[in-house]
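Working through the structure, step by step
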Amino acid sequence: MYHKLFIRAVLATTLAAAGLFGSATTFAQAQHDGSATTPLRVILIPADGGTEDGTKKDFEPIFGAINQSTGLKFDLKVGQSYGAVVEAMCNGAADIAWFGPASYLQARGRGCAELLALAVRQGASVYYSGIFARTDAGINNVKDLKGKKIALGDVNSTSSFNVPVAMMISAGVNPAKDAGMINMAGTHANVIKALAEGLVDAGGASFDSFEKAVNAKAIDPAKVKVLVKSGPIPYPPLAMHPKLTEAVKTKLRDAFNNIDKLPGITKDQIRGYGGGKVDGYTSKVSEADMAAAGKMFELVTDPVKVEIMKKADSR
């Protein structure tokens, strides 16, 4: 039964992408060229609990500056889920996408995405995932999560699902069997909100999201501690469809490499994951590094995901 539900969830993401980008005839069209009549279609993964308009506003200055510099036209939209973004790229309904590392590898494996650029902050293009626990929950190590209430994000999210689950499994904790309850919260922000409100004992989220919540006073850092921190993960990448022309790809790479120098944008307007300020972008990115990052969560197979969703559905 739950395997069928998992398949239905995949089909639902396809339909979500169709809802965003039009009919099946749209999918059959060639990739756009960035002209006024066929602007490059950009689809962004849902931001860290932000609104659709907020996510678009984070990236509009970047694409506006690239338009001013190169003449390329863009049409920005926000996907309803990580899976919808993958489907949009793989159905030919998008030309550029902002993925999480896990969802990028899914699209890459299907031959419909190649790396464009990663954000750079303080000289690095990495971020971190973590498992956070309430200080009053009696949790001192990952094994103490057995029997506890755990919140996780979107099943396709790298840092709020795949990496936290992989860290649990590596420590001998099977979330589907060992957790007292699993709350599939959907977003990093919802995971942290569940922690703040005491609805769960622990949760998986990115450190960027946790710091954002602390700065916004959405969570009291005295009541929540870092249980475990992941190794470095490549920033959520911007990717482009392999069928774009080489001329368009070159323009895009050059523009992102120099985004902090382009007219029409200020340093304060250069944003990355979750709308956080970054120093710039680099197109000097490695598929090998991204593939290596995938090894961090290769334990999180589809059957593991199905069992976790089954556990969450039973609460």
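Anyway, here's the lowdown on the structure attached to this text. Along each chain, numbering runs from 1 in the same order as the chain's sequence is written. Only residues with pLDDT of at least 70 get local features here, since the model is predicted, and only at 80 or more are side-chain atom pairs given and counted; chain-wide, interface and lining totals rely on the full set of residues. Based on all heavy atoms of the structure, the side-chain values leave hydrogens and waters out of the count.

Considering the overall build of the protein chain
From N to C terminus, the protein chain includes 12 helices and 13 strands. Note on classification: 1.4 Å probe, protein chains only; a residue is buried when its accessible area is under 20% of the maximum for its type, exposed when over 50%, partly exposed between these limits. Residue burial in the protein chain is summarised as follows: out of 315 residues, 51% are buried. Whether two residues are in contact is decided by their heavy atoms: any pair within 4.5 Å suffices. Within the protein chain, counting contacts between residues at least 6 apart in sequence, those at least 24 apart form 78% of the total. The accessible surface values rely on the Shrake-Rupley method and a 1.4 Å probe; as for residues, cover is taken only from the protein chains in view. Accessible surface, the protein chain as shown: approximately 13,500 Å² in total, 52% of it carbon and sulfur. Secondary structure elements are defined from DSSP: runs of H or I of at least 4 residues count as helices, runs of E of at least 2 residues count as strands, and each element is numbered from the N terminus.

What to know about the packing of helix α4 (residues 82-90) against helix α5 (residues 101-109)
Lines are fitted to the C-alpha atoms to define the axes, a helix being fitted only along its stretch in contact, and any angle between axes, read from their N-to-C directions, falls within 0 to 180 degrees. For the pair α4 and α5, the least separation of the axes is 10 Å and the interaxial angle reads 25 degrees. Between α4 and α5, the angle is such that the two are roughly parallel. Between α4 and α5 lies a crossing of right-handed hand. Each of Y82, V86 and C90 in α4 lies in contact with α5, whose residues at this interface are S103, Q106 and A107. Throughout this description, any angle smaller than 35 degrees is read as roughly parallel, any larger than 145 degrees as roughly antiparallel, any in the 65 to 115 degree range as roughly perpendicular, and the remainder as oblique. Handedness of a helix crossing follows the sense of rotation of the near helix relative to the far helix, less than a right angle counterclockwise being left-handed and clockwise being right-handed.

Thoughts on the nonpolar core
Definition used in this section: a nonpolar core is a set of buried Ala, Val, Leu, Ile, Met, Phe, Trp, Tyr and Cys residues joined via side-chain atoms within 4.5 Å. If you look at the biggest cluster of nonpolar residues, it comprises 78 residues, and the most contacted ones within it are F74, F99, L252 and Y281. Considering each element in turn, this core owes the most residues, 6 residues, to helix α6 (residues 158-170). Setting aside chain neighbours within four positions, we find F99 in contact with I45, V85, V86, M89, Y104, A107, A113, P236, P237 and A239. Residues F132, V191, A194 and V224 belong to the second largest nonpolar core, which totals 15 residues.

Examining the pairing of strand β2 (residues 74-78)
Going residue by residue along β2, you find F74, L76 and V78 tucked away on one face and D75 and K77 left uncovered on the opposite face. In this structure, strand β1 (residues 40-44) lies alongside β2, joined through 5 bridges in parallel fashion. When the bridges of β2 are listed, R41 appears paired with D75. The criterion for strand pairing is that DSSP finds at least two bridges linking the strands in question.

Let's talk about the packing of aromatic side chains
Side-chain rings of Phe, Tyr and Trp (the six-membered ring for Trp) are treated as a pair once their centres are within 6.5 Å; stacked means planes under 30 degrees apart, edge-to-face means over 60, and tilted covers the remaining angles. One pass over the full model with this rule turns up 8 aromatic pairs. Relative to Y235, the ring of Y127 has its centre 5.9 Å away and its plane inclined at 10 degrees; by these criteria the two rings are stacked. Within this pair, whereas Y127 is found in strand β5 (residues 126-127), its partner Y235 is found in the loop between β11 (233-234) and β12 (238-240), the two being separated by 108 residues in sequence. When its relative accessible area of 3% is taken as the criterion, Y127 is described as buried. For the ring pair F256 and Y281, a centre distance of 5.5 Å and an interplane angle of 70 degrees mean the geometry is edge-to-face. Here the residue F256 occupies a position in helix α10 (residues 246-257), and Y281 occupies one in strand β13 (residues 280-282), the gap between them amounting to 25 residues. The same class applies to F256 as to Y281, namely buried. Ring-pair connections join several aromatic residues into one group, and the members of that group are F63, F74, F256 and Y281. The ring of Y128 is capped by K229, whose NZ or CZ atom sits 4.4 Å from the centre of that ring. The rule for a charge over a ring is simple: NZ of Lys or CZ of Arg within 6 Å of the ring centre, and within 35 degrees of the ring normal.

Remarks on the sheet that holds β1
Backbone-to-backbone hydrogen bonds pair the strands of a sheet. The strands run either parallel or antiparallel. Spatially, 6 strands are ordered β2-β1-β3-β12-β4-β13 in an open sheet, and the strand pairing comes out mixed. Looking at which strands have only one partner, the edges of the open sheet turn out to be β2 and β13. Averaged over all pairs of adjacent strands, the angle between their axes in this sheet comes to 25 degrees, without regard to strand direction. Packing of helix α3 (residues 52-70) onto the sheet brings it into contact with β1, β2, β3 (96-98), β12 and β13, and relative to β2 it is tilted by some 160 degrees.

Concerning the state of the cysteines
Here, the term disulfide refers to a pair of cysteine sulfur atoms separated by no more than 2.5 Å. This model, assessed by the stated rule, comprises 1 disulfide. A sulfur-sulfur separation of 1.8 Å characterises the disulfide bridge that pairs C90 with C112. Here C90 is found in helix α4, whereas its partner C112 is found in the loop between α5 and β4 (114-120), with 22 residues between them in sequence.

Digging into the sheet that holds strand β8 (residues 181-186)
An order of β8-β7-β9-β6-β10 is seen for the 5 strands of this open sheet, with the pairing classed as mixed. Two strands close off the open sheet at either side, each with one partner strand: β8 and β10 (224-229). Geometrically, the sheet is characterised by an average inter-axis angle of 30 degrees between neighbouring strands, direction not taken into account. With 2 bridges connecting them, strand β7 (residues 149-153) and strand β9 (residues 202-206) associate as parallel partners. Each residue of the ladder has a partner; that of A151, found in β9, is G203. Relative to the sheet, α6 contacts β6 (129-134), β7, β8, β9 and β10, its axis offset from that of β6 by approximately 80 degrees. Contacting β6, β9 and β10, helix α9 (residues 207-215) runs over the sheet at an angle of about 105 degrees to β9.

A few points about α9
Along α9, the residues that are buried comprise F207, D208, S209, F210 and A213. In the core, the buried residues of α9 are packed alongside β5, β6, α8 (188-196), β9 and β10. Backbone geometry just downstream of α9 places K217 in the positive-phi region, at approximately 60 degrees.

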